[in-house]
Every structure is written in C-alpha cells, then in structure tokens.
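A structural walkthrough
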Amino acid sequence: FRGRTLDEEIGDGWLDGVHPHDRQRCRSVYEAAIDTRSPFSVEYRLLRHDGEYRWLLDRGVPRLDDGGRFAGYIGACSDVTDIKAIETALSESKAQLSGVIETAMDAIISIDERQQICVFNAAAERMFGYRAQQVIGQPLDLLMPERYRAVHRSHVEVFKTAGERSAEMGAARELSALHASGREFPIEASISRS
C-alpha cells in the first residue's frame, strides 16, 4: 500500500504519509490509547505508493504478553475510501431529496411499517394545520375522520399482502381528511411504496 520498507514506517515514520489535516488528530488518538492501554479506532487519509490519499479505518486492541503486561497493539487497517464516497453520495442525495420534498407544492406524507408518520412536509403542514414535530411518530389515522379509521386499517392489511400489485398503487382517490381544527375537508391522495 505505502511502497515503503518496514524500517521507513516503524515508530512514527508512518505518520509522514498521513494527510496533514489528519495527522494531529491521528497522533492524539494513538497517544491516548497507549497512555490508557485501551482499544482505538480512527479514520484518516494515508498516502498510497502512487501518490493518492486513501481513507483508512485503523483499529487496534492492546496485546499482552504471557505475564499480562502490555506488549503493544495488534490491529488492522481497512481501505474505506469507496465506502466513504458512497456515504457522501448518499448523504448528498438524501439532502437533495429532502429539499425536493420540503419545497413540493403537494403535501407529502410518508409512513413506516407501523403506519406512523415519519415525513410531513411544509405543504402537509399548511394543508392539515399541524407542525411536522406534532405528527411525526403519530398514527396516520390522526389525519382522517374517525368513521374511516377502521376501514383504513383493513385496507392497510390488504395493501400489505397485495404489495406492488395493489390496484391502489399510484391511483389518485378522493378522500375526506381531518384538519387539526377538527374540520373535515376533501383531498385527492395517491399511494406509492418506497
């Protein structure tokens, strides 16, 4: 990986290849672990033999000799550059999707497998009269008139078994909804599975 000899890497020699922005943090993690004889885990960029910095996850645990005395560390470094790139892309995609959801003109409500609200965008706040923090974690039937709640629960069970084949999938339906004030109002809703 480094293209250097053990003699060049031994002691603090390996630190020469650590990215300058990561070097002090890396040194601090190692020194604290050695001082306390505790396990460590640290991510940093290390210069590869071809001149490219790669992200490493470096983990170690104290090694004891036969007498139970500290004899150093045994550990492993894993190249996590590709994983970090995927995490960054996923985070950017998530932020972009969140921006689209929040600025959408239509109300967007997402629920989990227990029928609890987990996404409630600004348009939904305006439409239903609740703030997102009031409804996140609440059952979806909070937003429907009492007389429809039992029917809704039975439709959920049918929808779960039908899955992607459900006739409800993507079809817009006119329904009655319940505003925070208790007022009923008509909506057009469509369902999709994510």
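These notes cover the structure that comes with them. (Residues numbered from 1 in each chain as written. Predicted model: local features only at pLDDT ≥ 70, side-chain atom pairs only at ≥ 80, totals over all residues. Heavy atoms only, no water.)

**A word on the packing of aromatic side chains**
Filter applied, for reference: Working definition: a ring pair exists when centres of Phe, Tyr or Trp rings (six-membered ring for Trp) sit within 6.5 Å. Plane angles under 30 degrees give stacked, over 60 give edge-to-face, the rest tilted. A ring is scored as having a charge over it whenever the NZ atom of a lysine or the CZ atom of an arginine sits within 6 Å of its centre and within 35 degrees of its normal.
Considering all chains together, one arrives at seven aromatic pairs under this definition. Chaining the aromatic ring pairs together yields one cluster made of Trp-14, Tyr-30, Phe-40, Tyr-44, Phe-70 and Tyr-73. Note that Lys-84 overlies the ring of Trp-55, its terminal NZ or CZ placed 4.6 Å from the centroid.

**What about helix H2 (residues 20-36)?**
Applied cut-off: Secondary structure elements are taken from DSSP: a helix is a run of H or I of four residues or more, a strand is a run of E of two residues or more, and numbering for both begins at the N terminus. Take the number of residues in a helix, subtract one, and multiply by 1.5 Å to get its expected span. Classification of residues uses two cut-offs on accessible area relative to the type maximum, computed with a 1.4 Å probe and protein chains only: under 20% is buried, over 50% is exposed, and between them is partly exposed. What the arc covers is the set of directions going from the helix axis to the C-beta atoms. Note on contacts: a residue pair qualifies if any of its non-hydrogen atoms lie within 4.5 Å across the two residues.
With 17 residues, H2 extends 25 Å from end C-alpha to end C-alpha; this agrees with the ideal 24 Å at 1.5 Å per step. All of the buried residues along H2 are Asp-22, Cys-26, Tyr-30 and Ala-33. The arc that holds the buried residues of H2, viewed along the axis, is 60 degrees, so those residues lie on one side. Every exposed residue of H2 that faces more than 90 degrees away from the buried side is listed here: Pro-20, Gln-24, Asp-35 and Thr-36. Summarising the contacts, the buried residues of H2 are in contact with strand E1 (40-47), strand E2 (53-64) and strand E3 (70-79).

**So, the sheet that holds E3**
Rules: DSSP-based pairing: two strands are paired if at least 2 bridges between them are found. Angular values range over 0 to 180 degrees, each being the angle between N-to-C directions of two axes fitted as lines to C-alpha atoms, with helices fitted over their stretch in contact.
An order of E1-E2-E3 is seen for the three strands of this open sheet, with the pairing classed as antiparallel. Every other strand in the sheet has two partners, leaving E1 and E3 as the edge strands with one partner each. Averaged over all neighbouring strand pairs, the angle between strand axes comes to 30 degrees, with direction disregarded. As judged from the eight bridges shared by E2 and E3, these two strands associate in the antiparallel manner.

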